[in-house]
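The lines below spell out each chain.
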Amino acid sequence: MDPKGIIEMLLIFLEERGGGLVIPCSLDNSKDDTNRIIPFLGKWKGHSKTKRSGVYGATIAEADTAAVLEIDNKGQLIQDITSTLDGGNAITNVHWTGTMSDNLVRFDGGFQITLLPGGMYMGCPCDVAKNVAESKSFHLEFCWLESPGKRQRLVRTYDVEGLAVSSTYFSETKGIYTVLQQENALALDFLSNQKPKKERKGELMNRET
């Protein structure tokens, strides 16, 4: 971040450990930015584990999570996240509405996510300095796809003074129905861009002659 608290650069390290199975991560920038949001759309369910810092008691809390990210008929992104602490004693709901421009999504309330190549995104406040000046807590989030239907998220929360409060790790999977829906949508989009059968048949005949 620059001295004013505005995001200036995102730096990601891709590292391999010798002797193990290596799954390469693609950082191809040639893909259309608008397609980067597609893998994250749908309904996700999973589990989270939060570890609070020593200043706040060094406690560990676990919760079941459910997240939905959809695009409505107006082109707006709608995100709903629900966390239920173990035992069901406390439920937290977060509802955000956002707009997308290229690889940047801005949600109401001053939070944004930058869609990165390789099935990743980074989330942060639009203006961290403003949050601190107004004595508001904030969080940073990094998400990466382990596979088309499985993702991991890491969230770091800070208090009103900008001190680290907790770190939360999420492991989530997407419903198979949602995965199939997206695969079918991509297949239909691909087919719609192909030439009509009659035209293709004519091309084949020309090639044979």
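These notes cover the structure that comes with them.

About the thresholds
- Residues numbered from 1 in each chain as written.
- Predicted model: local features only at pLDDT ≥ 70, side-chain atom pairs only at ≥ 80, totals over all residues.
- Heavy atoms only, no water.
- Core = buried A, V, L, I, M, F, W, Y, C linked by side-chain atoms within 4.5 Å.
- Buried < 20%, exposed > 50% of the residue type's maximum accessible area, 1.4 Å probe, protein only.
- Helix = DSSP H or I, 4+ residues; strand = E, 2+ residues; numbered from the N terminus.
- Contact = heavy atoms within 4.5 Å.
- Polar contact = N/O pair within 3.5 Å; in protein donor to acceptor, adjacent residues only side chain to side chain.
- Pairing = 2+ DSSP bridges.

## Describing the nonpolar core
Side chains of a nonpolar character, in soluble globular proteins, are inclined to be buried together. Counting 17 residues, the largest nonpolar core has Phe40, Leu77, Ile113 and Leu115 as the members making the most contacts within it. Looking at this core, the elements that each hand over two or more residues are strand 2 (60-71), strand 3 (77-85), strand 5 (104-107), strand 6 (111-116) and strand 8 (138-147). Tallying contributions element by element places strand 6 first for this core, with three residues. Ignoring sequence-local partners within four residues, the contact set of Phe40 consists of Leu69, Leu115, Gly119, Met120, Tyr121, Cys143, Leu145 and Arg151. Listed in part, the eight residues of the second largest apolar core include Leu116, Met122, Cys124 and Val128.

## What to know about the environment of Lys174
In this fold, Lys174 is placed in strand 10 (residues 164-174). Distance from Lys174 to Arg151, taken between C-alpha atoms, is 8.4 Å for residues 23 residues apart in sequence. A distance of 3.1 Å separates the side chain of Lys174 from the backbone oxygen of Leu41, its partner in a polar contact.

## Side note on the pairing of strand 6
Most of strand 6 sits inside the fold, with six of its six residues counted as buried. Here strand 6 shows a buried face lined by Phe111, Ile113 and Leu115 and a second buried face lined by Gln112, Thr114 and Leu116. Pairing of strand 5 with strand 6, which is carried by four bridges, proceeds in the antiparallel orientation. By the bridge assignment, Phe107 is partnered in strand 6 with Phe111. If you look at the hairpin formed by strand 5 and strand 6, you'll find three residues sitting between the two strands, and Gly109 has a positive phi there, around 100°. Bridge analysis of strand 6 against strand 7 (residues 120-125) gives six bridges, and the strand direction is antiparallel. The residue bridging Ile113 from the neighbouring strand is Gly123, located in strand 7. Between strand 6 and strand 7, which pair antiparallel and follow one another directly, the connecting turn spans three residues, one of which, Gly118, has a positive phi of 85°.

Bear in mind that shape data such as this cannot, by itself, settle questions of function.
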